[in-house]
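Okay, here's what each chain looks like letter by letter:
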Amino acid sequence: MTIARLNDLADPAACPRLVIKVGSSLLVGKHGVRRDWLETLVAEIASARARGQEVIVVSSGAIALGAATLGLDKGGRGSLADAQAAAAVGQIALSGLWAQLLGAHGLTAAQLLLTLEDLEDRRRYLNVTATLTRLLDAGAVPVINENDSVATQEIRFGDNDRLAARVAQAARASAVLLLSDVDALYDRNPADPEAVLLPQVRGVTAEIHAMASGASSSGMGSGGMTSKLQAAEIAERAGIALAIANGTHDTPIARALGGGIGTLFLPKRKAGARKAWLGGRLRLKGALVIDAGAARALAQGSSLLAAGITGVEGTFQRGDAVAISDASGEVLAHGLSEYDADECMALIGHHSREHADILGYAPRSAIIHRDQLVLL
Ligand code: GLU
């Protein structure tokens, strides 16, 4: 099932794994944390989980909360040092709040603080993927924010919109819901009475970019429509649907998805999107030679397992792109290796149940996971 309208984001069949981004202005009001509102959102997250959806939260608000505690002006965004100090203070309260409110529904919160580099570097990217998968399998709700206190200016996302899209990509989510204080994308400045809401966008074109006006309207977050469109572009290329909706009201998910109020950015076709992502930045560092059985399994959409590998060529590291070729040297696929070349050497031909003994640590589920692999 694919996602074709907003309400599909609430359907576990169409959207088994959903990333929900919560903007600063929703979490923090004039009088501090909007706890009552957050309780309604957390109840919705608990219902989503109960109907079979996995949920990852990307929560802003650390800077806004910390700035209030430290008494910093401009919401803590007057300088990078202010923002980093505010985030260090606010993050503790923020994650405590999520843990407490999710805990009231019997859900375990898991905090991850990420930098851009964690999601750009393939090796770290695979680790983030593995951690998120493990957490979701274990029934936890990951609550993610940027590691604002350590990320330097050049390597900051700065806004959680793009972070949410990159997290969705790493988590292989079906969709991202960006909740903020804007209703949707309009064809011009929404203050203009002639402005028309766009319910659906297929392809973030130059024309779409021209409709967005700059900065965050609340002045509290750092997002604004520009960063939302950038997030939509990341998601679109990764084959993930992205919706923007107004989260200021109670039970914001039901209002946005059930009421169909928001803009849905449709994804590109999954296979093509993944190919573009893997292909776009691909410098092959080596090759894995496989037998006929493994070649058949790959063609049917399976991951590459060690048992079907007959040779390892080149010196590559975990996260590097490698070719997968058959005995005659024909390249069948490209993918990101879960292991270094020497680990692959040690594992080839061995059944997965032997891997822990050979490696001396818990093995990954495959040499190349099918989601990190493109057939040629
Ligand atoms: N990471 C920032 C915070 O927690 C928010 C970034 C944004 O405004 O999107 O305060």
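The rules behind each value
- Along each chain, residue indices are assigned from 1 in the same order as the chain's sequence is written.
- At least 70 in pLDDT is required for a residue's local features to be given in this predicted model, at least 80 for side-chain atom pairs to be given and counted, and no such filter applies to totals for whole chains, interfaces and linings, which use all residues.
- Heavy atoms throughout the structure, all of them, feed into the side-chain values; hydrogens and water do not.
- Strands are labelled as partners when DSSP assigns at least two bridges between them.
- Going along the chain from the N terminus, every DSSP run of H or I of four or more residues is numbered as a helix, and every run of E of two or more is numbered as a strand.
- An axis is simply a line fitted to the C-alpha atoms; with a helix, the fit covers only the stretch in contact. Between two such axes, the angle follows the N-to-C directions and lies from 0 to 180 degrees.
- Here, residues are in contact when the closest pair of their heavy atoms is within 4.5 Å.
- To estimate the expected span of a helix, subtract one from its residue number and multiply by 1.5 Å.
- For every residue, the accessible area obtained with a 1.4 Å probe (protein chains only) is divided by the maximum for its type, and the residue is called buried under 20%, exposed over 50%, and partly exposed between those limits.
- Polar contact is defined as a pair of N or O atoms within 3.5 Å, subject to the rule that within protein one atom must be able to donate a hydrogen and the other to accept it, and that residues adjacent in sequence are counted only when both atoms are side-chain atoms.
- Each salt bridge in this description consists of a side-chain nitrogen of Lys or Arg and a carboxyl oxygen of Asp or Glu lying within 4 Å of one another.
- To qualify as a nonpolar core, a set must consist of buried Ala, Val, Leu, Ile, Met, Phe, Trp, Tyr and Cys residues joined through side-chain atoms within 4.5 Å.

Chemist: Outline the sheet that holds strand β14 (residues 331–336), listing residues and values.
Modeler: Taking strand neighbours across the sheet as the criterion, the 5 strands line up as β12-β11-β13-β14-β15 in an open arrangement whose pairing is mixed. Of all strands in the sheet, those bounded by a partner on one side alone are β12 (309–313) and β15 (373–375). Across this sheet, the average inter-strand angle for adjacent strands is 25 degrees, counted without regard to direction. The pairing of strand β11 (residues 284–290) with strand β13 (residues 321–325) spans 4 bridges and is parallel. If you follow Leu 288 over to β13, its bridge partner there is Ile 324. Strand contacts of helix α12 (residues 292–299): β11, β13, β14 and β15, with the helix running at about 110 degrees to β11, the strand carrying the most contacts.

Chemist: Outline helix α7 (residues 160–171), supporting the account with residue identities and numerical values.
Modeler: One turn of the α-helix equals 3.6 residues, which is why residues spaced by three or four share an orientation. The end-to-end C-alpha distance of α7 is 16 Å, a good match for the 16 Å that 12 residues give at a rise of 1.5 Å each. The buried fraction of α7 amounts to 11 of the 12 residues, a majority that puts the element mostly inside the structure. Along α7, the residues classified as buried are Asn 160, Asp 161, Leu 163, Ala 164, Ala 165, Arg 166, Val 167, Ala 168, Gln 169, Ala 170 and Ala 171. Two to three positions downstream of the cap, the backbone nitrogen of Asp 161 sits 3.1 Å from a side-chain oxygen, assigning the N-cap of α7 to Asp 159.

Chemist: A description of the pattern of salt bridges should follow, citing residues and the corresponding values.
Modeler: All chains considered together, the criterion is met by 11 salt bridges. Here Arg 318 and Glu 338 are joined by a salt bridge, their closest N and O atoms 2.8 Å apart. Placement of Arg 318 in the loop between β12 and β13 and of Glu 338 in the loop between β14 and α13 (341–347) is noted, with a sequence separation of 20 residues between them. Take Arg 318: its relative accessible area is 6%, and that puts it in the buried class. Salt bridges sharing partners connect three or more residues here, namely Lys 21, Asp 161 and Lys 228.

Chemist: Quick rundown of the environment of Leu 264? Include the residues and the values.
Modeler: With respect to the element layout, Leu 264 can be found in strand β10 (residues 263–265). We classify Leu 264 as buried; its relative accessible area is 1%. Sequence separation between Leu 264 and Gln 200 is 64 residues, and the spatial gap between their C-alpha atoms is 4.7 Å. Not counting the four nearest positions on each side in its chain, Leu 264 is found in contact with Ile 3, Ala 4, Arg 5, Leu 6, Leu 9, Pro 199, Gln 200, Val 201, Ala 241, Leu 242 and Ala 243.

Chemist: Describe the environment of Gly 301, naming the residues involved and giving the relevant values.
Modeler: Relative to the elements of secondary structure, Gly 301 occurs in the loop between α12 and β12. For Gly 301, a relative accessible area of 37% puts it in the partly exposed group. With 70 residues separating them in the primary sequence, Gly 301 and Asp 371 have C-alpha atoms 9.2 Å apart.

Chemist: I'd love a proper account of helix α6 (residues 122–137), names of residues and values included.
Modeler: An ideal rise of 1.5 Å per residue puts 22 Å on 16 residues; α6 measures up with 22 Å between its terminal C-alpha atoms. Backbone geometry just downstream of α6 places Gly 139 in the positive-phi region, at approximately 90 degrees.

Chemist: Can you break down the sheet that holds strand β6 (residues 141–146) residue by residue, with the values?
Modeler: Read from one edge to the other, the open sheet built from 8 strands follows the order β5-β6-β4-β1-β7-β9-β10-β8, with strand pairing classed as mixed. Each of the sheet's edge strands pairs with one partner strand only, and the pair in question is β5 (109–114) and β8 (200–201). Pairing between β8 and β10: 2 bridges, direction parallel. Bridging across to β10, Val 201 finds its partner in Phe 265. Lying over the sheet, helix α2 (residues 35–50) contacts β1 (17–22), β4 (54–59), β6 and β7 (175–180), oriented at roughly 155 degrees with respect to β4.

Chemist: Quick one: what's the story with the nonpolar core, residue by residue and with numbers?
Modeler: With 48 residues, the main nonpolar core has Leu 9, Val 22, Leu 38, Leu 41, Trp 98 and Leu 177 as its most contacted residues. In terms of residues, this core owes the most to one element, helix α4 (residues 80–103), which gives 8 residues. With residues near it in sequence (within four places) discarded, Trp 98 still touches Val 22, Leu 27, Leu 38, Leu 41, Val 42, Ile 45, Val 57, Ser 59, Gly 103, Ala 109 and Val 143. In this structure, Leu 126, Met 211, Ile 240 and Leu 336 belong to the second largest nonpolar core, which totals 46 residues.

Chemist: Which residues make up the side chain of Glu 338, and what values go with them?
Modeler: Look at Glu 338 and you get buried, because its relative accessible area is 9%. One polar contact links Glu 338 to Arg 318, side chain to side chain, over a distance of 2.8 Å. Ignoring sequence-local partners within four residues, the contact set of Glu 338 consists of Leu 126, Arg 318, Arg 364, Ala 366, Ile 367, Ile 368 and His 369.

Chemist: Now, about unusual backbone geometry: what can you tell me, with residues and values included?
Modeler: Here the phi dihedral of Lys 74 falls at roughly 50 degrees; this positive angle occurs in a residue that is not glycine. Positionally, Lys 74 belongs in the loop between α3 (62–70) and α4. With a relative accessible area of 65%, Lys 74 lands in the exposed category. In the Ramachandran plot, Arg 172 falls in the positive-phi region, its phi being about 55 degrees despite a non-glycine side chain. Among the secondary structure elements, Arg 172 is positioned in the loop between α7 and β7. Overall, Arg 172 belongs to the partly exposed group, its relative accessible area being 22%.

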